[in-house]
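# Structure assessment
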Amino acid sequence: MSEKSLSEKVDALIQDGMTGNAIAERAGCDSSTISRIRRGLIGNPAYSVGIAIDQMYAELSLRKAAA
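Residues numbered from 1 in each chain as written. Predicted model: local features only at pLDDT ≥ 70, side-chain atom pairs only at ≥ 80, totals over all residues. Heavy atoms only, no water.

### Comments concerning the overall build of the protein chain
Counting its regular elements, the protein chain contains four helices and zero strands. When the helices and strands of the protein chain are listed from N to C terminus, the series reads α-α-α-α. Taking 67 residues into account, the globule formula puts the C-alpha radius of gyration at 11 Å, and the protein chain, at 11 Å, falls close to it. Taking the principal axes of the C-alpha coordinates as reference, the protein chain spans close to 30 × 25 × 20 Å. Looking at the protein chain residue by residue over its 67 residues, the buried ones come to 30%. (Helix = DSSP H or I, 4+ residues; strand = E, 2+ residues; numbered from the N terminus. Rg over C-alpha atoms; globule rule 2.2 N^0.38 Å. Buried < 20%, exposed > 50% of the residue type's maximum accessible area, 1.4 Å probe, protein only.)

### Considerations on the nonpolar core
Ile23, Ile34, Ile37, Ile53 and Met56 are the most contacted members of the largest nonpolar core, which has 16 residues in total. Breaking this core down by element, the ones donating at least two residues are helix 1 (6-15), helix 2 (20-27), helix 3 (31-38) and helix 4 (47-66). It is helix 4 that contributes the most residues to this core, six residues altogether. Ignoring any residue separated from it by four or fewer positions in sequence, one finds Ile37 in contact with Leu6, Ser7, Val10, Ile42, Pro45, Val49 and Ile53. (Core = buried A, V, L, I, M, F, W, Y, C linked by side-chain atoms within 4.5 Å. Contact = heavy atoms within 4.5 Å.)

### Structural notes on the pattern of salt bridges
Enumeration according to the criterion identifies five salt bridges in this entry. Arg63 is paired through a salt bridge with Asp16; the nearest N and O atoms lie 3.0 Å apart. With Arg63 in helix 4 and Asp16 in the loop between helix 1 and helix 2, this residue pair connects regions lying 47 residues apart in the sequence. Among the residues examined, Asp16 registers a relative accessible area of 38% and is labelled partly exposed. A network of salt bridges, in which partner residues are shared, links Glu3, Lys9 and Asp54. (Salt bridge = Lys/Arg side-chain N within 4 Å of Asp/Glu carboxyl O.)

### Focus on the side chain of Lys9
Inspection of the secondary structure assignment puts Lys9 in helix 1. By relative accessible area, Lys9 is classed as buried at 5%. For Lys9, the side chain forms a polar contact with the side chain of Asp54, separated by 2.6 Å. The residues touching Lys9, leaving out its near neighbours within four places in the chain, are Glu3, Lys4, Ile53, Asp54 and Tyr57. (Polar contact = N/O pair within 3.5 Å; in protein donor to acceptor, adjacent residues only side chain to side chain.)

### Here's the deal with the confidence of the model for the protein chain
When pLDDT is averaged along the protein chain, the result is 95; 97% of the residues meet or exceed 70. Averaged pLDDT values over the elements of the protein chain bottom out at 96 in helix 4 and peak at 98 in helix 2. (pLDDT = per-residue confidence, 0-100.)

As structure tokens, this is what we get:
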């Protein structure tokens, strides 16, 4: 199975109940950046933003696996 894109990860986080503002706050960026990532307009954001999204998605995946 292929790795999910940041856009897909942001979408999954939002579908799980996180807001774009909450994701942005944890990632240290503007909510507009998260919106553009979700829409596929930014495929390669700042490293720190990408890592933060990856971490949030990993946490979500672990919670779902444990459920």
